[in-house]
Amino acid sequence: MTQNPKPLPSASQLHKALPPRSFAAPPEMVAGGLLACRVTFDQRNGVPHKAALVPVEDFEGRWKIRQGGRLVDLPALRRIDVEPVDVELCADRQCVTATLPWPGNAHRALLLLLHRQVTIGGEVEYDEIANHREPVALESGVVTRRIDQALAPGRAASFALGSCQYPAGMLDATVRVRTRALDDRYIGPAERSLWRLGERLENDPSIRFTVLTGDQVYVDRTAGLFDPGKLLERLSFAYEAFMLNAGLQRVLRVAGSEIFPMLDDHEVADNWEPRPRGYGHDELQDAMAQGRSLYVTRQRSMWPQAVRSTVSDKRLWLAAELHGHAFFFTDTRSKRRGRTIGNLAYASILRKPQSAELHKWVRSQGPTSPPGFVVSASILLPRYLSMRGRPRSRNPIGLALQTDSWAGYPGSLHKLLARLYDADAQRVVFLSGDEHLSCIATITIECMFEARKVVVHSIHSSALYAPYTFANASVDDFAADETFEFVDEQKHAGLSRKFRCHVKTFFPESGDGFAVLRPYQSAQGAWHLDVEFDGARRKVTRTIDFA
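All of these numbers come straight from a predicted model, not from anything done at the bench.

K.L.:
Could you give an account of helix H7 (residues 410-422), naming the residues involved and the relevant values?
P.N.:
Taking 1.5 Å per residue as the helical rise, H7 with its 13 residues ought to reach 18 Å, and the 18 Å between its terminal C-alpha atoms agrees with that figure. In terms of burial, H7 is a largely internal element, 11 of the 13 residues being buried. Within H7, the full set of buried residues consists of Pro410, Gly411, Ser412, Leu413, His414, Leu416, Leu417, Ala418, Arg419, Leu420 and Tyr421. One or two residues past the end of H7 sits aspartate 424, with phi positive at roughly 55°.

Here is the structure:
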C-alpha cells in the first residue's frame, strides 16, 4: 500500500489572511470590549483556524490596514500586530464563529481569517502572512462599530421596517472593484435600499434594530422560467444571491445593530397556501417544510440569541420586548389553512394556538400602555376593492379566495378586530410588507349601540426592491376609504355583537425603500409615532397621534 510521504524537515507553514466571504448575522459587542461574529468563508482556501481584527481606514477610496502607525495594503502585509484567536467551525461547515478584542478606539475594523498554507523549503516563520498574487477586496470584512447613546427624555428606541428584496440581475447589480472601497457610485439599483439603510444604521445610533417582514429571498425569481428545476437548488441559489447583496452585508456589518427577518411566501413559492383538507398528500407542505428549514438556518439565525432562544425553531411566532417596545411576531404564512368556498368564513390565517396567544397579547395592550407592535407578513388593512362585493351580491366578502392578506381570511380578521375593541387597545400598530407599496391605515372600530371607539393603525412598508410593476400593487387596487360591518362570533351575555370598521388610508408613494419608526412621548404624556418613508423617489414623514 502506498503511503503519503512525510513532510520535509525544512517545511514550514504560512497563513493566507483573507476577509470573510460574508457576515451571516450582525456582530455583537459583548462584555470586555469583545466582538462576537459569525461569518462564511471562501472554501477554496480551506477552513480557517484563526481570526484577527485589525483597524482599517478608507484612504482615498481604498481600504488600508493601520499597522505600526502607517497604512498598508493587504498584499503588502507580512505580519499582524495583534494576537489571532481560534475560530470554531459551525455545524453546517459553511460558517465559523469567533470572539475577538476590538482594536482600541477604532471606528472600523477589518476581520481577517487565517487559512493555513504549506510551503516546501524556505525560511519563513510560522506566523508570517503569505503574499497575495492579486488584489483582495476587503469590503466583506469591514465592521463598523457605533456607540449607542442615551435616548433623549421622552424618546423611545427607533427602528427600521422593510420587506421584499428582489435579487439583482445582470443590469441592476453592484459593480465590484477589488482595489476600491464600495460607495454610492458602484451600488446597483437592486441593492441601493439596503445600502442606504446600512448607512443610516452606521450614522444614527437611535435606530436600534431592523424588522424585515418577509420576501427577503425569491425562490421563484423568474416564475419558473429560468429557475432551477429542484426546490433545494432554487433555495440554495436564492439564499446565495441574498447573502451576497452588498446592501444587506453593509447592514450586517454594523456592530451594535439587530435584525429580525420574517418568513413569507417567496421564501417558498408565490402566494403559498396549503391545500384544503381531504386532498390527500400535499406536496405544497413538503415545499414549505424545506423552505421553512432553510429560513430558520439562514435568516432566523440572524436574530439576537437572547430573543431567538425563548422559543423553539419549530415555532416562528412569539411575543418579545425589544428595546422597551412590546412586539408580537406572527406567522401568517406557514400556519394558514387551505381555503374553499365552504370553509372561507372560518378558515384561520394563524390557527388556534397562535391566534389565542395573539388575542392574549392584545388584552395586555390597554388604553394606557405604550405603543405595541404586531409584525405580520400579510397586510391587515386596507382591503382590496374586490372585497367590497358586488351590488346585491349574496357573497358580501367578494373575492376573498383570491386575496392573500388578512382580508382573505375574514373570520381571523373579524375576531382580531373585535378583540382589539374589547381590550380598548388604542396604541397597537400593525407592521407589514408584501404589496410593494407604502401606506398608513387608520382603523376605527365601533360596536353597535356603544359610544366607545377604538383606533388602531396599520403601517405597510414598500418593497426594498421590486422592479416589475406588473407584480406590484397600486394605490388604485385598494379601498382607501371604506366602511364595512361584521358580526363577532364570540357572544357577550348570550348575544352576538355587530361591529362597524372604518378604514382611511394614506399613501406616500415614495417608491422602493424602507420606513423608520420613531415613537416618543410628549411632556403632557401623550404618545406619538413619527413614520418616515425613505424611498427612491422621495422621503415622506407622517406623524401618528395616539389617543
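Now that the structure has been shown, we can carry on.
K.L.:
Could you give an account of the sheet that holds strand E21 (residues 439-447), with specific residues and numbers?
P.N.:
Read from one edge to the other, the open sheet built from eight strands follows the order E17-E18-E19-E20-E22-E21-E25-E24, with strand pairing classed as mixed. In the strand order of this sheet, the two ends are held by strand E17 (318-322) and strand E24 (481-492), each with one partner. The average undirected angle you get between the axes of adjacent strands in this sheet is 25°. Sheet topology note: the strand E20 (residues 428-432)/strand E22 (residues 453-460) ladder contains four bridges and is parallel.

K.L.:
Tell me what's going on with the packing of aromatic side chains, and back it up with residues and numbers.
P.N.:
If you walk through the whole model with that rule in mind, you get 20 aromatic pairs. Each ring, one from phenylalanine 209 and one from phenylalanine 260, has its centre 5.8 Å from the other, and the planes form 85°; the classification is edge-to-face. Highlighted residues: phenylalanine 209 in strand E14 (residues 207-212) and phenylalanine 260 in strand E16 (residues 258-261), separated in sequence by 51 residues. Through a chain of ring-to-ring contacts, three or more aromatic side chains come together here, namely Phe159, Phe209, Phe260, Trp303, Phe327, Phe329 and Phe373. Just above the ring of tyrosine 520 sits the side chain of arginine 155; from NZ or CZ to the centre is 4.3 Å. The ring of tyrosine 421 has arginine 452 lying over it, and the distance from NZ or CZ to the ring centre is 4.0 Å.

K.L.:
Tell me about the pattern of salt bridges, residues and numbers included.
P.N.:
By the definition in use, this model includes 30 salt bridges. A salt bridge links lysine 504 to aspartate 481; the nearest nitrogen and oxygen atoms lie 3.4 Å apart. Pair noted here: lysine 504 is in strand E25 (residues 495-506) and aspartate 481 is in strand E24, with a separation of 23 residues, a long-range link. Residue classification places aspartate 481 among the partly exposed residues on the basis of a relative accessible area of 41%.

K.L.:
Describe unusual backbone geometry, listing the residues and the values that go with them.
P.N.:
The omega angle of the peptide bond from leucine 381 to proline 382 is 15°, so this bond is cis rather than trans. Along the chain, the position of proline 382 falls in the loop between strand E19 (372-375) and H7. You will see that arginine 93, though not glycine, has its phi angle at about 60°, which is positive. By the element assignment, arginine 93 lies in the loop between strand E9 (88-89) and strand E10 (95-101). Among the residues examined, arginine 93 registers a relative accessible area of 52% and is labelled exposed. In this model, histidine 436 sits at a positive phi of 65°, which is unusual for a non-glycine residue. Locating histidine 436 in the fold gives a position in the loop between E20 and E21. By relative accessible area, histidine 436 is classed as buried at 13%.

K.L.:
Break down the state of the cysteines for me, citing the residues and quoting the values.
P.N.:
One pass over the full model with this rule turns up zero disulfides. Of the cysteine sulfurs around cysteine 37, a residue in no disulfide, the closest is that of cysteine 90, at 10 Å. Here cysteine 164 stays free of any disulfide, with the sulfur of cysteine 439 as its closest cysteine sulfur at 13 Å.

K.L.:
Give me the lowdown on the side chain of serine 257, citing residues and values where you can.
P.N.:
Residue placement: serine 257 occurs in the loop between strand E15 (254-255) and E16. Each residue touching serine 257, except ones within four places of it in the same chain, is listed here: Pro26, Arg146, Leu201, Arg208 and Phe209.

K.L.:
If you had to explain the nonpolar core to someone new, which residues and values would you point to?
P.N.:
Phe327, Phe329, Leu431, Ile459, Leu517 and Leu529 are the most contacted members of the largest nonpolar core, which has 79 residues in total. When residues in this core are grouped by element, the largest group, six residues, is from helix H2 (residues 231-243). Excluding residues within four positions of it along the chain, phenylalanine 327 makes contact with Phe159, Phe209, Val211, Leu318, Ala319, Ala320, Leu322, Trp361, Phe373, Val375 and Leu431. The next biggest cluster of nonpolar side chains, apart from the first, holds 34 residues, and it includes Ile349, Val362, Val374 and Cys501.

K.L.:
Give a description of the confidence of the model for the chain that names residues and reports values.
P.N.:
Looking at the chain as a whole, its pLDDT mean stands at 89, while 92% of the residues score no less than 70. Here residues 4-12 is modelled with pLDDT under 50, and outside its nearest four sequence neighbours on either side it reaches 11 contacts, counting other chains as well.

K.L.:
How would you sum up the packing of helix H6 (residues 352-363) against H7? Please name residues and give values.
P.N.:
The interhelical angle for the contact between H6 and H7, taken along N-to-C directions, is 25°, at an axis separation of 9 Å. By the angle between their directions, the pair H6 and H7 is classed as roughly parallel. The chirality of how H6 crosses H7 is right-handed. Every residue of H7 that contacts H6 at Leu358, His359 and Val362 is listed here: Lys415, Leu416, Arg419 and Leu420. Tallied by class, residues from the contact of H6 with H7 come to four nonpolar, one polar and two charged.

K.L.:
Please give an account of the pairing of E14 that cites residues and values.
P.N.:
Along E14, six of the six residues are buried, which leaves the element largely enclosed by surrounding structure. The pairing of strand E13 (residues 158-165) with E14 spans five bridges and is classified as parallel. Each residue of the ladder has a partner; that of glycine 162, found in E14, is leucine 212. Of the crossover connections in this fold, the one passing from E13 over helix H1 (residues 192-203) to the parallel E14 is right-handed. Relative to E16, E14 runs parallel, the two sharing four bridges. Bridge assignment links threonine 210 to a residue of E16, and that residue is isoleucine 259.

Analysis parameters
- Residues numbered from 1 in each chain as written.
- Predicted model: local features only at pLDDT ≥ 70, side-chain atom pairs only at ≥ 80, totals over all residues.
- Heavy atoms only, no water.
- Helix = DSSP H or I, 4+ residues; strand = E, 2+ residues; numbered from the N terminus.
- Expected span 1.5 Å × (residues − 1).
- Buried < 20%, exposed > 50% of the residue type's maximum accessible area, 1.4 Å probe, protein only.
- Pairing = 2+ DSSP bridges.
- Axes fitted to C-alpha atoms, helices over the stretch in contact; angles between N-to-C directions.
- Phe/Tyr/Trp six-rings, centres within 6.5 Å; stacked < 30°, edge-to-face > 60°.
- Lys NZ or Arg CZ within 6 Å of the ring centre and 35° of its normal.
- Salt bridge = Lys/Arg side-chain N within 4 Å of Asp/Glu carboxyl O.
- Disulfide = S-S within 2.5 Å.
- Contact = heavy atoms within 4.5 Å.
- Core = buried A, V, L, I, M, F, W, Y, C linked by side-chain atoms within 4.5 Å.
- pLDDT = per-residue confidence, 0-100.
- Parallel < 35°, antiparallel > 145°, perpendicular 65-115°, else oblique.
- Left-handed = near helix turned anticlockwise from the far one by under 90°.
- Nonpolar A, V, L, I, M, F, W, Y, C, P; charged D, E, K, R; others polar.
- Right-handed = clockwise from strand over helix to strand, strands pointing away.

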